[in-house]
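One letter stands for each residue in the lines below.
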Amino acid sequence: MYLFYSAMKMRYDLVNLSNTILKHYGAETFHDTIPELEEALKGHKKIALFLFDGAGELVMERHPFACKYFLENKFMSISSLNPATTVACTTSITTGKYPVETGFLGWTLQSDEYNATFEPFRNRLAVTQEQLPPNYMETICPVTHLDTLLGRAGVKAKIMQHHPVMVDGPKNLREALKKTHSFFENGGEFLYFYWPEPDHSLHSYGTKSFRVGVLLWKLKNFLKKFQKENPDVLCLTIADHGLIDIENYLDIADHPDLASTLAKPVSIEGRTPTFFTKEGHRNEFKYLFQKYYGEHFDLMPGRVALEQQYFGKGVPNPRINEFVGHYIGISLDNSIICNSNDYKGHPMKNTKKGNHAGRSDMEMTICLSLYGTHE
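Source: prediction; values computed, not measured. (Residues numbered from 1 in each chain as written. Predicted model: local features only at pLDDT ≥ 70, side-chain atom pairs only at ≥ 80, totals over all residues. Heavy atoms only, no water.)

Take the overall build of the chain next. Check the secondary structure of the chain and you find 16 helices and 17 strands. For 375 residues, the compact-globule estimate of 2.2 N^0.38 gives 21 Å, and the chain sits close to it at 20 Å. When its C-alpha atoms are laid out on the principal axes, the chain stretches across 60 × 40 × 40 Å. Residue burial in the chain is summarised as follows: out of 375 residues, 58% are buried. Put simply, of all contacts in the chain between residues at least 6 apart along the chain, 74% involve residues at least 24 apart. Looking at the chain as shown, the accessible area adds up to about 16,000 Å², and 50% of this sits on carbon and sulfur atoms. Across the chain, 40 positive and 43 negative side-chain charges occur, with their mean positions spaced 5 Å apart. (Helix = DSSP H or I, 4+ residues; strand = E, 2+ residues; numbered from the N terminus. Rg over C-alpha atoms; globule rule 2.2 N^0.38 Å. Buried < 20%, exposed > 50% of the residue type's maximum accessible area, 1.4 Å probe, protein only. Contact = heavy atoms within 4.5 Å. Areas by Shrake-Rupley, 256 points an atom, 1.4 Å probe, with all protein chains shown as cover. Lys, Arg positive; Asp, Glu negative; His and termini not counted. Charge placed at Lys NZ, Arg CZ, Asp CG, Glu CD.)

Written as structure tokens, this is what we have:
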């Protein structure tokens, strides 16, 4: 039985964390901070923020032996963002702004310019895999990252990440240890470090996999080695989101009557899909969606999602209406939606066992841990 998230459970989220770091160093802030964390950071000039993709608090609790060190040093639980997915969350962490402000909502977004869906992080069209002009997403939705924001305040800051499309990031944890140590040894003050595991393995093997536990154990050892080599650095660890084990793969292509009401491909994420309906077919779409998927997904008009600040607070990005369709689906259980008509040869309906971007506690609850002298 999966628990589903209530916004009342946690006062703070990943954007509040990011703004707390900005405030600590005297940089420009955009949203509320976390007072308790402000106190913990006082007096610390060198700080390292490690993000292990997908390692949500409830995921870690399924691997208590591997994650004992992370959980013993828990400072507080904070919330992920909507949607609880890497594109949205890591962009918000590294900018201090919510997805509604950045425009980075999910793995695939709709481009009116190309009349197609595209992948912001991989900089390519989703169906054809055609490469887009360099930094296409940041060209249409410019953002300013932590290293620049902190640099303006005179802080030597760096964003370091191992990522499929990054060519200068560390290739393994041994190399990561050398590069992170070198940064602080050479006068570095703030480091944001991103690692793509255990997310990749959680997708492939599920939240209870022994392989996931091994990866978390390796990350724990990496963190301890870093601390030993850098005793003057205050360390924080977080995740961008957790994952949930998927059981229901719902393919809109299985219902031609429903599929025929759609004008564009399904986009954003499979657990927070957005739908663009054909002119004059909205009532038909709502009826058929409720008929087939009402027990698995809530359906919210896109304009209502924006009015209710589902994607966060702040001034909406000028391109946001291009990305948020007529309706947003919000998963109510462990289901995922795709339309394999959209992605022939690349369907979302596949063998992945774990996924995210929904509202379950498994996906939304983040463990913020601190290591070092902060009492």
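With six of six residues buried, strand 1 (residues 47–52) is to be regarded as a mostly interior element. Residues Ile47, Leu49 and Leu51 of strand 1 are buried on one face, and the alternating residues Ala48, Phe50 and Phe52, pointing to the opposite face, are buried as well. In this sheet, strand 7 (residues 190–195) lies alongside strand 1 in parallel orientation, the contact comprising six bridges. Opposite Ala48, over in strand 7, you have Leu191 as the bridge partner. (Pairing = 2+ DSSP bridges.)

Moving on, we come to the packing of helix 1 (residues 14–24) against helix 5 (residues 86–93). It is the contact of helix 1 with helix 5, at a shortest axis distance of 8 Å, that shows an interaxial angle of 25°. Taken together, the axes of helix 1 and helix 5 lie roughly parallel to each other. Along the contact surface, helix 1 presents Leu14, Val15 and Ser18, while helix 5 presents Cys89, Ser92 and Ile93. Split into classes, the residues belonging to the contact of helix 1 with helix 5 amount to four nonpolar, two polar and no charged. (Axes fitted to C-alpha atoms, helices over the stretch in contact; angles between N-to-C directions. Parallel < 35°, antiparallel > 145°, perpendicular 65-115°, else oblique. Nonpolar A, V, L, I, M, F, W, Y, C, P; charged D, E, K, R; others polar.)

Before going further, it helps to examine the nonpolar core. Core analysis: the biggest nonpolar cluster contains 97 residues, and Leu17, Phe190 and Leu236 have the highest contact counts within it. With near-sequence residues (within four places) excluded, Leu17 lies in contact with Ile34, Leu37, Leu49, Ile78, Leu236, Ile238 and Leu368. Counting 14 residues, the second largest nonpolar core, distinct from the first, contains Leu250, Leu262, Phe275 and Tyr327. (Core = buried A, V, L, I, M, F, W, Y, C linked by side-chain atoms within 4.5 Å.)

The full count for this structure, using the stated rule, is 23 aromatic pairs. Through successive ring pairs, a cluster of aromatic residues spans Phe50, Phe52, Phe70, Phe183, Phe184, Phe193, Trp195, Phe222 and Phe226. We note Lys220 situated over the ring of Trp217; from NZ or CZ to the ring centre the distance is 3.2 Å. The ring of Tyr69 has Lys224 sitting right over it, with the charged end atom 4.6 Å from the ring centre. (Phe/Tyr/Trp six-rings, centres within 6.5 Å; stacked < 30°, edge-to-face > 60°. Lys NZ or Arg CZ within 6 Å of the ring centre and 35° of its normal.)

Within this structure, the stated rule accounts for eleven salt bridges. One salt bridge in this structure joins Lys74 and Glu57, with 2.8 Å as the shortest N-O distance. With Lys74 in strand 2 (residues 74–79) and Glu57 in helix 3 (residues 57–61), the pair connects residues that are 17 residues apart, well separated along the chain. Notably, a salt bridge pairs Lys68 with Glu72, separated by 3.8 Å at the nearest N-O pair. One end of the pair, Lys68, and the other, Glu72, are both in helix 4 (residues 68–72), four residues apart, so they sit about a helical turn from each other. (Salt bridge = Lys/Arg side-chain N within 4 Å of Asp/Glu carboxyl O.)

Quick look at helix 11 (residues 210–229) now. Its 20 residues give helix 11 an end-to-end C-alpha distance of 29 Å, which sits within 8% of 28 Å, the value for a rise of 1.5 Å per residue. Taken residue by residue, helix 11 has Val212, Gly213, Leu215, Leu216, Leu219, Lys220, Phe222, Leu223, Phe226 and Gln227 as its buried positions. Here helix 11 starts with a cap whose side-chain oxygen sits 3.1 Å from the backbone nitrogen of Arg211, and that cap is Ser209. (Expected span 1.5 Å × (residues − 1). Polar contact = N/O pair within 3.5 Å; in protein donor to acceptor, adjacent residues only side chain to side chain.)

A complete count under the given rule lists zero disulfides for this structure. No disulfide involves Cys67; its sulfur sits 9.1 Å from the nearest other cysteine sulfur, which is in Cys367. With relative accessibility at 0%, the residue Cys67 sits in the buried group. The thiol of Cys235 is unpaired, and the distance to the nearest cysteine sulfur, on Cys367, comes to 14 Å. (Disulfide = S-S within 2.5 Å.)

On to the environment of Thr85. Here Thr85 is to be found in the loop between strand 2 and helix 5. Residues Thr85 and Gly106, spaced 21 residues apart in sequence, show a C-alpha to C-alpha distance of 6.5 Å. Beyond its immediate sequence surroundings of up to four residues, Thr85 is in contact with Leu105, Gly106, His241, Glu269, His356 and Ala357.

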